[in-house]
Amino acid sequence: MLPPCFPIRLLRSGPLTPNVRELVFERVDLAPFVFEAGQWVNLVLPLPSGELRRAYSIASAPDGTPRFELAVTNTGGPGSTYLHGLRPGAELEAMGPQGFFTRPLSAATPSLFVATGTGVTPLRSMLLSALGASHPAPITLLLGVRHEGDALYESAFRDLAETHRSFRFELTMSRPTDQWEGRRGHVQAHVPELVTSLGRGDVHVYVCGLLRMVGAVRELLRKELGFPRLRVHSERYD
Ligand SMILES: Cc1cc2nc3c(=O)[nH]c(=O)nc-3n(C[C@H](O)[C@H](O)[C@H](O)COP(=O)(O)OP(=O)(O)OC[C@H]3O[C@@H](n4cnc5c(N)ncnc54)[C@H](O)[C@@H]3O)c2cc1C
């Protein structure tokens, strides 16, 4: 069965980093947008060359309103270039919600979230949902970016980690400046330590980003750390 299709309007667009824009949309019919944290929508983009469909994970938590947020990296390709140029008031068709990259809140276990770049968006949605629960299980978010200016939502994640004991935020950079005193290298280098610090017993790992990183983390978990497949959840963007 095809997912529901509905018109949406862009309310706001602004930079999260030099290469990533936050887009806030609202359903034109003002009905609540019902979705599960971690799901995505397909946007139908009316390009001069023809209609194009591109998937975007929902970055905001389900809140019973008609609004939702996306974060779009400009890859230089047609879809993201179009979305970066979209002005408030513009209307598009959306199809969704879709996807099974979700985390049940009722039986939530300690979780390691691993993302690079805008791969963090579905994890942000899951995190914001989880922190609203009465007894949230511990969550560590490991975000990998290239250098300092690329860390989307960094100050918001740091604030959440200050105010919620169940949440830990770790940032690693593959090409930081000499001034950066935090973690360095790819996310894979930090996964073993962070999984262990969550206790390992019943930890689930949620990984999102481009195929190369997702594949490398899955392989590391399975082959080097002996993680059962059922405790590794992933979403790929390419
Ligand atoms: C389930 C799902 C959820 C997605 N969620 C998001 C999201 O929340 N934010 C987002 O920016 N993209 C997301 N994407 C990717 C998005 O659908 C498009 O592929 C992306 O915007 C590129 O489209 P394009 O037409 O600009 O470029 P294309 O010409 O289609 O692709 C150009 C290149 O960009 C690479 N690429 C795709 N996505 C990214 C990315 N996020 N960062 C860096 N390189 C990328 C591809 O590997 C490809 O080589 C998601 C994809 C899927 C399947």
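Keep in mind it's a predicted model, so treat the numbers as computed, not measured.

(A) Local environment of the overall build of the chain. A count of helices and strands for the chain gives five helices and 12 strands. Expected size for 238 residues packed as a compact globule is a radius of gyration near 18 Å; at 18 Å, the chain falls within 12% of this value. Each principal axis of the C-alpha atoms in the chain carries an extent, and together these give about 50 × 45 × 35 Å. Within the chain, the fraction of its 238 residues that count as buried is 48%. In the chain, the share of contacts with a sequence separation of at least 24, taken over all contacts with a separation of at least 6, comes to 70%. Just so you have it, the chain exposes about 11,700 Å², and 52% of that area is on carbon and sulfur atoms.

(B) Broad picture of the pattern of salt bridges. What the rule picks out here adds up to 11 salt bridges. Taking the shortest distance from any N to any O, the salt bridge between Arg183 and Glu170 comes out at 2.7 Å. Here the residue Arg183 occupies a position in strand β10 (residues 183–184), and Glu170 occupies one in strand β9 (residues 167–173), the gap between them amounting to 13 residues. Residue class for Arg183 comes out buried when judged on its relative accessible area of 16%. Each of Arg168, Glu170, Arg183 and Glu193 takes part in salt bridges that share partners, so that together they form one network.

(C) Representation of the layout of surface pockets. Computed from the structure, the largest pocket encloses a volume of approximately 1,300 Å³. Looking at the largest pocket, it is lined by 42 residues, and the ones nearest its centre are Thr73, Thr116, Gly117, Thr118 and Leu210. Elements represented by at least two residues in the lining of the largest pocket include exactly β4 (50–57), β5 (67–73), α1 (78–84), β8 (139–145), α5 (211–224) and β12 (232–236). A per-class count over the lining of the largest pocket returns 14 nonpolar, 21 polar and seven charged. No fewer than three residues from each of domain 1 (5–98) and domain 2 (111–236) sit in the lining of the largest pocket.

(D) Quick look at the site of the ligand. What surrounds the ligand is a group of 20 residues, the closest being Arg54, Ala55, Tyr56, Gly79 and Ser80. Taking Ser57, its main chain carries an N or O atom lying 3.1 Å from a nitrogen atom of the ligand. Here an oxygen atom of the ligand and a backbone polar atom of Gly77 are 3.3 Å apart. The fraction of the free accessible surface of the ligand (880 Å²) that becomes covered by protein chains is 74%. Its atoms largely coinciding with the cavity grid, the ligand occupies the largest pocket. Among the secondary structure elements, those contributing two or more residues to the shell around the ligand are β4, β5, α1 and β12. Here the element with the most residues in the shell around the ligand is β4; it accounts for four residues. In terms of residue class, the shell around the ligand is made up of eight nonpolar, eight polar and four charged. Residue-level mapping places the shell around the ligand at the junction of two domains, with at least three residues from each of domain 1 (5–98) and domain 2 (111–236).

(E) Focus on the nonpolar core. In terms of nonpolar packing, the biggest core is built from 29 residues, with Leu123, Phe157 and Phe167 touching the most fellow members. Only β7 (111–116), α2 (121–131), β8, α3 (154–163), β9 and β11 (204–209) provide two or more residues apiece to this core. The element best represented in this core is α2, accounting for five residues. Each residue touching Phe167, except ones within four places of it in the same chain, is listed here: Leu127, Leu131, Ile139, Leu141, Phe157, Leu160 and Ala161. Core analysis: the next-biggest nonpolar cluster, separate from the first, contains 21 residues, Phe33, Val41, Leu52 and Val72 among them.

(F) Region of interest: empty space enclosed by the protein. All chains considered together, the criterion is met by one cavity of 30 Å³ or more. By volume, the largest cavity amounts to about 50 Å³. Residue lining of the largest cavity: Arg218, Arg222, Phe227, Arg229 and Val232, and that is the complete set.

(G) Fine view of the domain arrangement of the chain. According to the domain assignment, the chain contains domain 1 (5–98) and domain 2 (111–236). Taking only C-alpha atoms, the centre of domain 1 and the centre of domain 2 are 24 Å apart. The interface is formed by 19 residues belonging to domain 1 together with 14 residues belonging to domain 2. The junction of domain 1 with domain 2 conceals about 1,200 Å² of combined surface from both sides, 55% of it contributed by carbon and sulfur atoms.

Conventions adopted
Residues numbered from 1 in each chain as written. Predicted model: local features only at pLDDT ≥ 70, side-chain atom pairs only at ≥ 80, totals over all residues. Heavy atoms only, no water. Helix = DSSP H or I, 4+ residues; strand = E, 2+ residues; numbered from the N terminus. Rg over C-alpha atoms; globule rule 2.2 N^0.38 Å. Buried < 20%, exposed > 50% of the residue type's maximum accessible area, 1.4 Å probe, protein only. Contact = heavy atoms within 4.5 Å. Areas by Shrake-Rupley, 256 points an atom, 1.4 Å probe, with all protein chains shown as cover. Salt bridge = Lys/Arg side-chain N within 4 Å of Asp/Glu carboxyl O. 1 Å grid on protein atoms, 1.4 Å probe; cavity = no way out; pocket = protein on both sides within 12 Å on 5 of 7 lines; lining within 4 Å. Points joined across faces, edges and corners; volume = space filled by probe spheres on them. Nonpolar A, V, L, I, M, F, W, Y, C, P; charged D, E, K, R; others polar. Domains from an automatic or database assignment. Near = heavy atom within 4 Å. Polar contact = N/O pair within 3.5 Å; in protein donor to acceptor, adjacent residues only side chain to side chain. Sits in = over half its atoms within 2 Å of the grid points. Core = buried A, V, L, I, M, F, W, Y, C linked by side-chain atoms within 4.5 Å. Buried area = accessible area lost by both parts, 1.4 Å probe.

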